[in-house]
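An overview of the molecular structure
Spelled out, the chains give:
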Amino acid sequence: MVIWFLKVDRLYGANDFSFHASRVQQIFENLRRGSFFTFIATDSFQKTGVGTFLFYPSLFLYPWAFLMLHFSAIHAFYLWYFLFTFVTFLISYFCMLNFSKSPLKSVIFSFLYVVCPYRLYTGQWVLGEFLVSTFLPLVFLGFYAIIKGDYKKWPLLSIGLSLVAYNHILSVFLLLEILTVLFVCKIIFGSGLALKRVLYLGMSALLTLLLVLPVLIPFLSDFVGKGISSTYRSITMLPDASVVFQDSLSNHVIGSSIGTIFLITLLIGWYFIKLDDDQKIFYWVGVGCTLIATSIFPWKSFNNTILATVQLSFRYLMYSSFFLALTATTIIAHLSSSYTFHKFKSFSIYLFSFIFMLLSLLLFYGSTSGICATISTYNPHNSLQKAPQGHPQPIQPAVQLDQKNYHYQFDYSVLFGETDYYPNKALKHKDSIINNLTYIDKKKVHLPVFSSANQLTYKLNLSKKAQVDLPVLAYSQTYLKVNGKSSHYSISNRGTVTKSLSKGFYKLSVGYRPPFLYYLGLTITLCTWLLMTIFFIFKKLHA
């Protein structure tokens, strides 16, 4: 699926791509320095020391950064994309096999889910949600097992939720919304509220907590009650239902499309799930998520509430795609079983695998034809040029990137997210911080800055006593070293590190050091994963 893109050796950077590419670039730079951990930005994001990595998990961006150690930046991205697409296929296949016990349904579902247009859209630009899509089948399989009383599989829910949390915190919130709806449906239309079921859900919540401690602790130490800016509670992009219908009918890779197959499923699925209670719930949840993603849902009434934290209503299309894929799988398997299995019998699964592989490739290249056309040839009007000197300008909304200009993007401010997780007081002074302006007794100067892993170093020579305000954001665990010795500092009115210094030459190093609790939490999490792995292997050996 990525061979053509590897040969073209270009990519299309739009929306959030520059944000995620900047995160990967910082991880890559630190890996080259021999440092595995990345907490603040010292090379990317204009060297402001912003704590993006503290509050936006980046674990599964590390494979991309590791690939950059051995391949070009463009090839590293496409290989990373292929890796997680393949992993998504495997997880989808085995989760569906566990759920349905049908290899045919497993093949159909995994192909449909992997190439659905909304997921392909996230794989180009919205990479946090793209990674989340890999682990959604695990979450829902684990939850379904608990709801149906198959309690031996209860850890799957914790594993799935923790893997989602390692990529995108907001997706955990969306998942909890949907899981709550499914749980209520089970209570109302199923067997009621069983104490044992609640017990295992509680156990799953506790295990999830142990697995996400390295994600949770930075929020507790540096975010909660610390005046750090967060995502705004307002729906900013709300597509009309007609737009979703038209884009889906066109099978476009865009944020307002579920694709032609799922659109047809949405319209006719009710007919094929009449006799299956589980499929009824899956179908109607898929329909509900699709409607919630559009202007049909009264989002304006929920602005400034916790529900509006989602920001972009079309994020629900990822979940409608998942549930409609379940329904589409049921329909296709039903229609095919009456003829294919009787006609071809023993090798029908291989035939269907081959057919769906070809269909998936056609759907993939058909959906991405617009992107392919955009990057197939060099376009001087769309190709990213060197950033102009002076104050960093926002990168263009959509650019063509290749081996020559890929690194130009880091001299621009990212399109969305440059000031995410700034201290609130820093937002009013973001221009001076992004422009790396140091204030010496309120006089603006540009000091040379030296980057290292999680630390920025400045050198200056003062002719008299002065107040030095460095363009580095201050968090609870930020430290200052003056000539190699730890020193107290104040926080300026722009949320940065400031220090009163006497006359003389100074080497000022500002960095971030996580609390001991972070490493304790990381140890607990790693031990939990290790014990779970040992238990799983032991169980398999003695099965």
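All residue numbers refer to positions counted from 1 along the written sequence of the respective chain. Confidence filtering applies because this is a predicted model: local features only for residues at pLDDT of at least 70, side-chain atom pairs given and counted only at 80 or more, and all residues used for totals across whole chains, interfaces and linings. In computing side-chain properties, one takes all heavy atoms of the structure into account and sets aside hydrogens as well as water.

A word on the overall build of the chain. Across its full length, the chain carries 21 helices and twelve strands. In terms of overall size, the chain behaves like a compact globule, its C-alpha atoms giving a radius of gyration of 25 Å where 543 residues would be expected to give roughly 24 Å. With respect to the three principal axes, the spread of C-alpha positions in the chain is 90 × 60 × 50 Å. Remark: exposure states derive from per-residue accessible area (1.4 Å probe, protein chains only) relative to the maximum for the residue type, with buried under 20%, exposed over 50%, and partly exposed in between. Burial status across the chain gives 55% buried among its 543 residues. Here the contacts in the chain between residues at least 6 apart in sequence split such that 73% fall between residues at least 24 apart. Computed with a 1.4 Å probe, the accessible areas rest on the Shrake-Rupley method; for each residue, only the protein chains presented here act as cover. Looking at the chain as shown, the accessible area adds up to about 24500 Å², and 66% of this sits on carbon and sulfur atoms. His is not counted, nor are the chain ends, whereas Lys and Arg count as positive and Asp and Glu as negative. A charged residue contributes its charge at one atom only: NZ of Lys, CZ of Arg, CG of Asp or CD of Glu. Each charge class in the chain can be summarised by its mean position, and for the 43 positive and 20 negative side chains these summaries are 7 Å apart. By definition, any uninterrupted DSSP run of H or I lasting at least four residues is a helix, any uninterrupted run of E lasting at least two residues is a strand, and each is numbered from the N terminus. The globule rule used here is 2.2 Å times the number of residues to the 0.38 power, and the radius of gyration it is set against is calculated over C-alpha atoms. In what follows, residue pairs with any heavy atoms lying within 4.5 Å of each other are defined as contacts.

Backbone hydrogen bonds hold the strands of a sheet together, and the pairing may be parallel or antiparallel. One open sheet holds the five strands; their spatial order is 5-6-12-8-9, and the pairing between them is antiparallel. Each edge of the sheet is formed by a strand with only one pairing partner; in this case those strands are strand 5 (449–452) and strand 9 (485–487). On average, each strand axis in the sheet is inclined to that of its neighbour by 30°, with strand direction left out of account. Only strands that DSSP links by at least two bridges are regarded as paired with each other. To define axes, lines are fitted to C-alpha atoms, for helices over the stretch in contact only, and angles between the resulting N-to-C directions are given on a 0 to 180 degree scale.

What follows is about helix 6 (residues 103–114). Because each turn of an α-helix spans 3.6 residues, side chains separated by three or four positions end up pointing in the same direction. The first and last C-alpha atoms of helix 6 sit 16 Å apart over twelve residues, in line with the 16 Å expected at 1.5 Å per residue. For helix 6, the tally of buried residues reaches ten of twelve residues, placing the bulk of the element in the interior. Listed as buried for helix 6 are Leu104, Ser106, Val107, Ile108, Phe109, Ser110, Phe111, Leu112, Tyr113 and Val114. Here the expected length of a helix is defined as 1.5 Å per residue gap, with one fewer gap than residues.

Attention now goes to helix 16 (residues 317–337). In this model, helix 16 (21 residues) spans 29 Å end to end at C-alpha, consistent with the 30 Å of a helix rising 1.5 Å per residue. Burial within helix 16 is extensive, with 17 of its 21 residues counted as buried.

Right, let's get into unusual backbone geometry. Its identity as a non-glycine residue notwithstanding, Phe45 has a phi of 50°, on the positive side. Among the secondary structure elements, Phe45 is positioned in the loop between helix 2 (17–32) and helix 3 (52–55). Although it is not a glycine, Gln311 sits at a positive phi angle of roughly 70°. Counting through the fold element by element, Gln311 comes out in the loop between helix 15 (277–292) and helix 16.

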